[in-house]
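The chain contents come next:
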Amino acid sequence: IASGSKFVDATGDGMTGNLGVGGAANGSYAITSHSSGGQNLRFENDNEYAFFRLEDSGDLKIWAHGDDNLVFMNGTGSGTTRMNIDGSGRVTTPYNPYFWAQAANAGAGNYSSGATIFTGGLVNSGTISDIGGHFNTSNGRFTAPVSGVYHFSAVVRIDSFAGNYSYLTLWDSGSVAFCRDLTSQTGTYNTQTVAASRYLSANDYVYCYLVTTGDTSTTISSDSYFSGHLVG
């Protein structure tokens, strides 16, 4: 040990200030006190670093350099909360992709050749909820930002249907129909519902498609909704 070095070598010994340990040229860690209270354990490698902080309140926070990798567990503090685990074990992920869209009150249309709904004039843009901005009101598509399992549901109310049958379908990128509801019901108010989970690769997209037969003047009510979110 170099002359003048300070060290702890026995049970009960203590020290004040920050402890820094340098290993290889590109790696180190340090134990430091934080100005707002609590203790930091910092790991650094090639100018990239991560912190573990135990707050005076008992909250544990974990995050990495760069907002894209920022994670907080229980507590807020500086930065942006990407995930929170509270003292009861409840996990919230406020930045997980999610959307909810309501249909607009629209005049009767011809869906005998099929059409994407919740798009253009068939969506009430004033009621859109869209975490992450992945739902496009122009084409009615939700585009997956990351690969994973997503859950989707749609409820469509058709008014005064007098045709033979209609079907409502969830499509994955226009190539796979992964959920469909078909009905031959006619009457003043008809409701069709589809809901399913689907694994999507990043940039796959999902939309809701309606086909009618025997009725070329179909009205979709504003009591119609389309939603989806990332499961994990």
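So, a few notes on the structure that sits alongside this text. In this convention, every chain numbers its residues from 1, walking through the sequence in written order. In keeping with the model being predicted, local features are shown solely for residues with a pLDDT of at least 70 and side-chain atom pairs are shown and tallied solely at 80 or more, while totals for entire chains, interfaces and linings include all residues. Hydrogen atoms and water are omitted, and side-chain values are computed over all heavy atoms in the structure.

Right, let's get into the overall build of the protein. On a plain count of helices and strands, the protein comes out with zero helices and 19 strands. Whether a residue is buried, partly exposed or exposed follows from its accessible area with a 1.4 Å probe, protein chains only, as a fraction of its type maximum: under 20%, in between, or over 50%, in that order. Residue burial in the protein is summarised as follows: out of 232 residues, 31% are buried. Accessible surface computed for the protein: about 12600 Å², of which carbon and sulfur atoms make up 49%. Numbering of helices and strands runs from the N terminus; a helix is a DSSP stretch of H or I covering at least four residues, while a strand is a stretch of E covering at least two. All accessible-area figures derive from a Shrake-Rupley calculation using a 1.4 Å probe, and residue coverage is judged against the displayed protein chains alone.

Counting residues in each nonpolar core, the largest one holds 30 residues, and the members touching the most others are I117, F118, F152, L170, C208 and F226. Mapped by element, the contributors of at least two residues to this core are β8 (98-102), β13 (148-161), β14 (165-172), β15 (176-183), β16 (187-200), β17 (205-213) and β19 (225-230). Any two residues having at least one pair of non-hydrogen atoms within 4.5 Å are treated as being in contact. Setting aside chain neighbours within four positions, we find L170 in contact with F152, V176, A177, F178, C179, V194, Y207, C208 and F226. In plain words, nonpolar cores are sets of buried Ala, Val, Leu, Ile, Met, Phe, Trp, Tyr and Cys residues tied together by side-chain atoms within 4.5 Å.

Only strands that DSSP links by at least two bridges are regarded as paired with each other. When β8 meets β19, the two strands line up antiparallel, connected through five bridges. Looking at β19, one finds that Q102 is bridged to Y225. Note that β13 and β19 share six bridges and pair antiparallel. Bridge pairing links Y150 to L230 in β19.

With that settled, the discussion passes to the environment of A104. Within the secondary structure, A104 sits in the loop between β8 and β9 (115-117). According to the relative accessible area criterion, A104 is buried, its value standing at 15%. In contact with A104, not counting residues within four places along its chain, are G121, L122, V123, N124, I220 and S222.

The next point concerns the pattern of salt bridges. Put simply, a salt bridge is a Lys or Arg side-chain nitrogen that is within 4 Å of an Asp or Glu carboxyl oxygen. Going through the model one piece at a time under the given rule, you end up with three salt bridges. Taking the shortest distance from any N to any O, the salt bridge between D223 and R157 comes out at 2.5 Å. Here the residue D223 occupies a position in the loop between β18 (219-220) and β19, and R157 occupies one in strand β13, the gap between them amounting to 66 residues. Note on D223: relative accessible area 37%, which makes it partly exposed. Relative accessible area serves as the criterion here: at 17%, R157 is assigned to the buried category. One network of salt bridges, with partners in common, ties together R157, D159 and D223.

Summarising the element assignment, H151 is placed in strand β13. Owing to a relative accessible area of 27%, H151 belongs among the partly exposed residues under this scheme. On a C-alpha basis, the gap between H151 and A196 in space is 5.8 Å, while along the polypeptide they are 45 residues apart. If we ignore the near neighbours within four places in the chain, the residues touching H151 are A195, A196, S197, S227, G228, H229 and V231. A distance of 3.4 Å separates a polar side-chain atom of H151 from the backbone oxygen of A196. Within the local environment of H151, its side chain forms a polar contact with the side chain of S197, the two groups lying 2.9 Å apart. By the criterion applied in these results, polar contacts are pairs of N or O atoms within 3.5 Å in which, for protein atoms, one can donate a hydrogen and the other can accept it, and in which residues neighboring in sequence qualify only through two side-chain atoms.

A few words on the state of the cysteines. Here, the term disulfide refers to a pair of cysteine sulfur atoms separated by no more than 2.5 Å. With the rule as written, the count across this model stands at zero disulfides. Its sulfur unpaired, C179 is 9.4 Å from the next cysteine sulfur, which belongs to C208. On the accessibility criterion, C179 (16% relative accessible area) is buried.

A few words on the packing of aromatic side chains. One pair of aromatic rings is described through two measures. These are the centre distance and the angle between the planes. When two rings of Phe, Tyr or Trp (its six-membered ring) have centres within 6.5 Å they constitute a pair, described as stacked for plane angles under 30 degrees, edge-to-face for angles over 60, and tilted for the intermediate range. In the structure shown here, the tally under the stated rule is 14 aromatic pairs. Consider the rings of F99 and F142, whose centres lie 5.2 Å apart with planes at 20°: the pair is stacked. Here the residue F99 occupies a position in strand β8, and F142 occupies one in strand β12 (residues 141-143), the gap between them amounting to 43 residues. F99 gets classed as buried once you look at its relative accessible area, which sits at 0%. Relative to Y167, the ring of Y165 lies with its centre 6.5 Å away and its plane at 15°, an arrangement referred to as stacked. Its relative accessible area of 33% is what places Y165 among the partly exposed residues. Aromatic rings pair up to connect F99, F118, F135, F142, Y150, F152, F178 and F226 into one cluster. We call a charge positioned over a ring when the NZ of a Lys or the CZ of an Arg lies within 6 Å of the ring centre and within 35 degrees of the ring normal. When the ring centre of Y205 is taken as reference, the NZ or CZ atom of R141 above it lies at 4.0 Å.

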